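# A structural walkthrough
If you want the building blocks of each chain, they are given just below.
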Amino acid sequence: MAPNVLVTGETLIDMLPDGPGPLSRVGGFERRPGGAPANVAVGLARLGAPPLFWTRVGADPFGRYLEDVLRDEGISERYVERDPDAKTTLAFVTHDEAGDRAFTFYREGTADTRLEPGRVGDDALEGLEWVHAGGLALASEPARSATRDLLERAATRGCTVSFDPNARPELWESEDAFASEVREVLPAVDVLKATVEELDALGFAGDTAEERARDALDCGPHTVLLTRGGEGALALARRDAPWIDGTERATHAGFDVEVADTTGAGDAFLAGAIDALVRREGLEGCLAFANAVAARATTAAGAMTALPDRADADALLSEQ
């Protein structure tokens, strides 16, 4: 069956530390494939629905490694571009004792920042049901213009458009710049996945996280998926959302698992959510499945390497 989802954004190398602590004290690192959109794409493939993936890697050993990883995961090479004049992005990850992580990027002028508008044609969009993008692409040109162009064209052709701000302050000149660029694309977005901190950074108003999520519904998206770490997730949708089944608000407390690494948990959640919403699950079913995928992904090290398959996620759901 031909893919009906297209994901776009960065594929990069995560350098995982050999123990907790600040970057200045870490003794060694292990190379792992990563990048939030790449994790979403592979997450969907692991769930049995490989998407198309528009990304760009360098013509260097890291880039060739990532191409091999995507191919082995069943991702089509159609939109996996190799840049002959740029390196592949590196992200050094550090963990604290609780498993929470921080990133240091080597991304100036790297391949994923050089996506060019128009590489995914209108004819390709006509055959798609869903297009997803991440916020890192908006931090640099020409990837910013390329991503904005794709989302706007996808929206006019009836694709469901999802977006993850994926706030990384170290890649932006200011929080205002981040908020301005993300809010500019929201009119083309149907499904916004965000954390409480990202809603705050984007300037949404309200005394509670739920009120700020409701404020986001007035800026374009008809659905907001709010992830809250160990507290689970909240979903809000307007009545015009295609998966409304009488429920416009849903919550899920998440699953109690032994956490090894939270890197990529949000990407795993998003892969599960897209999969569930493409299958027209209601909001409650979407959150349950997405949280199961995310919980399984935290039980092993690495972002992409820890992503579960459908059987793993379903087994955790059955234990609920």
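The text that follows walks through the structure, step by step, so that each part is easy to find. (Residues numbered from 1 in each chain as written. Predicted model: local features only at pLDDT ≥ 70, side-chain atom pairs only at ≥ 80, totals over all residues. Heavy atoms only, no water.)

## Some thoughts on the pairing of strand 5 (residues 80–83)
Stated formally: Any two strands with at least two DSSP-identified bridges between them are counted as paired. In this text, helices come from DSSP runs of H or I with a minimum length of four residues, and strands from runs of E with a minimum of two, each type numbered from the N-terminal end. Seen with its strands pointing away from the viewer, a crossover is right-handed when the path leading from the first strand over the helix to the second is clockwise.
Examined bridge by bridge, strand 4 (residues 52–58) and strand 5 share 4 bridges and lie parallel to one another. Of the residues in strand 5, the one forming a bridge with Arg 56 is Glu 81. With respect to chirality, the unit in which strand 4 leads through helix 2 (residues 61–72) into the neighbouring parallel strand 5 is right-handed.

## Concerning the packing of aromatic side chains
Worth spelling out the cut-off: Any two of the Phe, Tyr and Trp rings considered here, Trp counted by its six-membered ring, make a pair once their centres fall within 6.5 Å; the pair's planes then place it as stacked at under 30 degrees, edge-to-face at over 60, or tilted in between. Exposed residues in this analysis have more than 50% of their type's maximum accessible area, buried residues have under 20%, and partly exposed residues fall in between, with area computed by a 1.4 Å probe over protein chains only. By definition here, charges over rings are those cases where NZ of Lys or CZ of Arg is within 6 Å of the ring centre and within 35 degrees of the ring normal.
Taken as a whole and judged by the stated rule, the model has 5 aromatic pairs. Aromatic pair Phe 29 and Phe 92: ring centres 5.1 Å apart, planes at 90°, arrangement edge-to-face. Note that Phe 29 is positioned in strand 3 (residues 29–34) and Phe 92 in strand 6 (residues 90–95), a separation of 63 residues in sequence. With relative accessibility at 31%, the residue Phe 29 sits in the partly exposed group. The class for Phe 92 is buried, based on a relative accessible area of 17%. Members of the aromatic cluster, joined through ring pairs, are Phe 29, Phe 92 and Tyr 106. The positively charged end of Arg 31 is found above the aromatic ring belonging to Tyr 65, 3.6 Å away from the centroid. Above the ring of Phe 289, the side-chain terminus of Arg 279 is found at 5.2 Å from the ring centroid.

## Examining the pairing of strand 2 (residues 12–17)
Among the 6 residues that make up strand 2, 6 are buried, leaving the element largely enclosed by the rest of the structure. What you see with strand 2 is no split at all: Leu 12, Asp 14 and Leu 16 on one side and Ile 13, Met 15 and Pro 17 on the other are buried throughout. With 6 bridges joining them, strand 2 and strand 3 adopt antiparallel strand pairing. Counted as the bridge partner of Ile 13 is Pro 33 from strand 3. Direction of pairing for strand 2 relative to strand 6: parallel, over a ladder of 3 bridges. Bridge pairing links Asp 14 to Ala 91 in strand 6.

All we've got here are geometric facts, nothing functional implied.
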